[in-house]
Amino acid sequence: DFVTFLKIYGIIWIVLNILLAPFIWIKYQQKKNNTNHGKHAVNFDIPKDKNGKILTPMEAGIIDNTKLEQNDVMATIFDLAIKKIIKIEEIEKKKTLGIFGGNSEYKLIRLNEDESDLASFEKTLLEKLFKGGKEINMKDIKTFYTTFAKLEKESFESLIAKGFYTKNPKDQKAGLLIFGIIGVATLNLI
């Protein structure tokens, strides 16, 4: 009979969702930093793809939390300086009356036009940074972060091509969120 089924389903739903889920969450929170498993192993190897090519800081940052962040872009800028594609130069400002100001500023200078070894998102980053010439003041980069979407899209495409993802994880998260909303809205009947 259908009414009996609903009662049984209701009891199961209450046990799983209202009693078991919080219990599991509390146990997880208690045990997540448990040191009984020994010391944490630290890996200092630079991440590489399946062909042995070193990942860029932007790719490694995205793998870490499946999104592009400001720190990932800044790390890529420093990586480009290490590769001698750009130069970071400090501009010292003189103090007024010997007391006020005096903070240093930095500018980026584009050195190398040979970008054959760079990933597409690194080329996009350089294009966006140096669209006005060969030099840019770091304080002018604040408006640059509106171009994150294109950099993130190209980075995900690179990681998919290298085999770190099968699909864009943002799309997969959106799909899971939709299924979760449907599950909650239908009381998990589906």
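Let us look at the structure shown here.

Reading guide: rules and limits
- Residues numbered from 1 in each chain as written.
- Predicted model: local features only at pLDDT ≥ 70, side-chain atom pairs only at ≥ 80, totals over all residues.
- Heavy atoms only, no water.
- Helix = DSSP H or I, 4+ residues; strand = E, 2+ residues; numbered from the N terminus.
- Buried < 20%, exposed > 50% of the residue type's maximum accessible area, 1.4 Å probe, protein only.
- Pairing = 2+ DSSP bridges.
- Axes fitted to C-alpha atoms, helices over the stretch in contact; angles between N-to-C directions.
- Contact = heavy atoms within 4.5 Å.
- Phe/Tyr/Trp six-rings, centres within 6.5 Å; stacked < 30°, edge-to-face > 60°.
- Polar contact = N/O pair within 3.5 Å; in protein donor to acceptor, adjacent residues only side chain to side chain.
- Core = buried A, V, L, I, M, F, W, Y, C linked by side-chain atoms within 4.5 Å.
- Salt bridge = Lys/Arg side-chain N within 4 Å of Asp/Glu carboxyl O.

To continue, consider the side chain of Glu-152. For Glu-152, the position within the fold is in helix α5 (residues 148-161). For Glu-152, a relative accessible area of 13% corresponds to the buried category.

As a further point, take the sheet that holds strand β4 (residues 104-110). One open sheet accounts for three strands, arranged β1-β4-β5; its pairing is antiparallel. Every interior strand has two partners, whereas the edge strands, β1 (86-92) and β5 (135-137), have only one. Neighbour-to-neighbour, the strand axes of this sheet turn through a mean angle of 25°, independent of strand direction. Examined bridge by bridge, β1 and β4 share seven bridges and lie antiparallel to one another. Each bridged residue has a counterpart across the sheet, and for Ile-91 the counterpart in β4 is Glu-105. Against the sheet, helix α3 (residues 70-82) touches β1 and β4, its axis set at about 105° to β1.

Take the packing of aromatic side chains next. Under the counting rule described, the total for this entry stands at four aromatic pairs. Considering the side-chain rings of Trp-25 and Tyr-28, the 5.7 Å spacing of their centres and the 40° angle between planes classify their relative orientation as tilted. Of this pair, Trp-25 and Tyr-28 are both found in helix α1 (residues 2-31), three residues apart, which corresponds to roughly one turn of the helix. Note on Trp-25: relative accessible area 54%, which makes it exposed. Classification of Tyr-28 by relative accessible area gives partly exposed; the value is 45%.

Okay, the environment of Lys-139 next. Positionally, Lys-139 belongs in the loop between β5 and α5. With relative accessibility at 47%, the residue Lys-139 sits in the partly exposed group. Distance from Lys-139 to Glu-105, taken between C-alpha atoms, is 7.6 Å for residues 34 residues apart in sequence.

This paragraph deals with the environment of Thr-66. Structurally, Thr-66 can be placed in the loop between α2 (57-65) and α3. Of the residues examined, Thr-66 reaches a relative accessible area of 15% and is grouped as buried. Taking C-alpha positions, Thr-66 is 7.3 Å from Lys-170, a pair spaced 104 residues apart along the chain. Setting aside residues no more than four positions away along its own chain, Thr-66 makes contact with Phe-156, Tyr-165, Pro-169, Lys-170 and Lys-173. A polar contact is formed between the side chain of Thr-66 and the side chain of Lys-173, at a distance of 2.7 Å.

Grouped together as the largest cluster of nonpolar side chains are 24 residues, with contacts concentrated most on Met-58, Val-73, Ile-77, Ile-86, Leu-108 and Leu-125. Elements that contribute at least two residues to this core include exactly α2, α3, α4 (120-129) and α5. Apart from residues lying up to four places away in sequence, Ile-86 is in contact with Ile-77, Leu-80, Ala-81, Leu-108, Ile-109, Arg-110, Leu-111, Leu-126 and Phe-130.

All right, on to the pattern of salt bridges then. Scanning the entire structure with this criterion turns up nine salt bridges. Measuring nitrogen to oxygen at the nearest pair gives 3.2 Å for the salt bridge that ties Lys-83 to Glu-122. A residue pair is termed long-range when its members are at least 10 positions apart, and Lys-83 in the loop between α3 and β1 and Glu-122 in helix α4 qualify at 39 residues. You can call Lys-83 partly exposed: its relative accessible area is 37%. Residues Lys-107 and Glu-89 are paired through a salt bridge, measuring 3.6 Å at the closest nitrogen-oxygen approach. Placement of Lys-107 in strand β4 and of Glu-89 in strand β1 is noted, with a sequence separation of 18 residues between them. Judged by its relative accessible area of 27%, Glu-89 is partly exposed.

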